[in-house]
Amino acid sequence: MIKLATVSPCYNEEPVLEDSIKRLTEFFDGLVAKGKISKDSMMVFVNDGSKDQTWDIIKKLHNDNHYVKGISLAHNSGHQNAIMAGMMVAKDWADAVITIDADLQDDINAIEQMIDDFEEGNDIVYGVKVSRTADPLLKRMSAEAFYKLQDRMGVKSVFNHADFRLMSKRALEMLAEYDERNLYLRGLIPLIGLSSTTVDDTISERQAGKSKYTLRKMLGLALDGITSFSIKPIYNIIYMGILFLLVCVGIAIYVIHALITGTAVHGWASLMLSVWFVGGIMLISIGVIGVYIGKIYIEVKHRPLYNIAEILGNEE
């Protein structure tokens, strides 16, 4: 029987929070009755700078529900940093930690299988989405493109896995040794290398509120993942440069032939087009290199990922 903690980042989740905690409480009671988890297990909600009544709800439910604990960040730190904050605190409270979004669109019934896989010796269990019919079409398409792009760019991650996963205390201790500023947990956790497996995760429809993961945020996450874990874009620029050299050789042959045969066209329109085209490629190349330099700049500052203003449930 393990002491389990679930960690859920919250940002303006007031519309769904009470219902989610009620559902998790019933589920926890069932697991306790089956002898799967200890009655001292907990659900940890990380308030990531919400502007609604999310933290007030967490504090109230902490007083009424022995499972509920809370962490309030001093400001909005972002989804990945909020998850990291919750895991780093919860690893000192539990034998294993499961991260799951507060809207509970992930399949909470998969948690029992995660626990069984953990008991069998797996330190990490990934929830892999096998059905996304509840998601809007644009989100499904962008998510598929997101994972395929990562794979092509050389980022090692679990396909169709977001942040619904179980990690043992040992795995979390190892994760704490990764001093990353640009957090991309989906690429970072597979680098730990401990025994792992997957469970099926069927996405359900959101009960209330709106998803906080907009297309803009997803694109930003994809960019973070690629630039933090892969240098393949730089090699692609080198290959593009070689291609342009070959094209230049072809153009030079054409120009020489035109001069010999007297068919050269007066004016330098083609030259101007080439200058603009190559100039654009150079700007893109400089931009990509600039992203990497920017990552180095952020890393060397070693700013804290988050600042905890208050913790509920750690009175001892």
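Let me sum up the structure you'll find in this document. (Residues numbered from 1 in each chain as written. Predicted model: local features only at pLDDT ≥ 70, side-chain atom pairs only at ≥ 80, totals over all residues. Heavy atoms only, no water.)

Attention now goes to the overall build of the protein. For the protein, the helix and strand inventory stands at 10 helices and 8 strands. Scored against the burial criterion, the 316 residues of the protein give a buried share of 45%. Surface exposure of the protein reaches about 16,700 Å², of which carbon and sulfur atoms provide 61%. (Helix = DSSP H or I, 4+ residues; strand = E, 2+ residues; numbered from the N terminus. Buried < 20%, exposed > 50% of the residue type's maximum accessible area, 1.4 Å probe, protein only. Areas by Shrake-Rupley, 256 points an atom, 1.4 Å probe, with all protein chains shown as cover.)

So, on to helix H3 (residues 79–90). For H3, which comprises 12 residues, the first-to-last C-alpha distance of 16 Å matches the rise-based estimate of 16 Å (1.5 Å per residue) to within 8%. Across the 12 residues that make up H3, a large majority, 11, are buried. Residues of H3 that are buried: Gln-80, Asn-81, Ala-82, Ile-83, Met-84, Ala-85, Gly-86, Met-87, Met-88, Val-89 and Ala-90. (Expected span 1.5 Å × (residues − 1).)

Moving on, we get to the packing of aromatic side chains. Counted under the stated rule, the structure contains 1 aromatic pair. When the ring centre of Trp-93 is taken as origin, the NZ or CZ atom of Lys-69, which lies over that ring, is 4.2 Å away. (Phe/Tyr/Trp six-rings, centres within 6.5 Å; stacked < 30°, edge-to-face > 60°. Lys NZ or Arg CZ within 6 Å of the ring centre and 35° of its normal.)

Pairing between side chains of opposite charge can happen when their charged atoms approach one another. Within this structure, the stated rule accounts for 9 salt bridges. The residue Lys-36 makes a salt bridge to Glu-112 at a minimum N-O spacing of 3.9 Å. Residue Lys-36 is located in the loop between helix H1 (14–33) and strand E2 (42–47), and its partner Glu-112 is located in helix H4 (residues 110–119); the two are separated by 76 residues in the primary sequence. Two residues, Lys-36 and Asp-116, come together in a salt bridge whose shortest N-O distance is 2.6 Å. Here the residue Lys-36 occupies a position in the loop between H1 and E2, and Asp-116 occupies one in helix H4, the gap between them amounting to 80 residues. (Salt bridge = Lys/Arg side-chain N within 4 Å of Asp/Glu carboxyl O.)

Okay, the side chain of Asp-123 next. Mapped onto the elements of the fold, Asp-123 is located in the loop between H4 and strand E5 (124–131). Within the local environment of Asp-123, its side chain forms a polar contact with the side chain of Ser-168, the two groups lying 2.7 Å apart. Every residue in contact with Asp-123, bar those within four places of it in the chain, is listed here: Leu-166, Met-167, Ser-168, Arg-170, Ala-171, Leu-194 and Ser-195. (Polar contact = N/O pair within 3.5 Å; in protein donor to acceptor, adjacent residues only side chain to side chain. Contact = heavy atoms within 4.5 Å.)

Turning our attention to the sheet that holds E5. The strand order across the open sheet built from 8 strands is E7-E5-E6-E4-E1-E2-E3-E8, with neighbouring strands paired in mixed fashion. Whereas interior strands pair on both sides, the edge strands pair on one side only; in this sheet they are strand E7 (196–202) and strand E8 (308–312). Across the sheet, the mean angle separating the axes of adjacent strands is 20° when strand polarity is ignored. Where E2 meets strand E3 (residues 68–73), 5 bridges bridge the pair, whose relative direction is parallel. Bridged to Val-44 within E3 is Lys-69. Sitting on the sheet, H1 touches strand E1 (4–10), E2 and E3, and the angle it makes with E2 is about 160°. Packing against the sheet, helix H2 (residues 54–64) makes contact with E1, E2, E3 and E8, and its axis sits at approximately 150° to E3. (Pairing = 2+ DSSP bridges. Axes fitted to C-alpha atoms, helices over the stretch in contact; angles between N-to-C directions.)

Phi is positive for Leu-104, which is not a glycine, with a value near 55°. What makes Leu-104 buried here is its relative accessible area of 1%. One non-glycine residue, Asn-160, lies in positive phi territory at about 65°. Here Asn-160 lies in the loop between helix H5 (137–152) and strand E6 (161–168).

Attention shifts here to the pairing of E3. Within E3, 6 of the 6 residues are buried, which leaves the element mostly enclosed by the surrounding structure. Burial along E3 is two-sided: the residues Val-68, Gly-70 and Ser-72 and Lys-69, Ile-71 and Leu-73 are all buried. Traced from E2 through H2 to E3, the parallel crossover comes out right-handed. One ladder, built from 4 bridges, connects E3 with E8; its direction is antiparallel. Bridge pairing in E8 places Gly-70 opposite Leu-312. (Right-handed = clockwise from strand over helix to strand, strands pointing away.)

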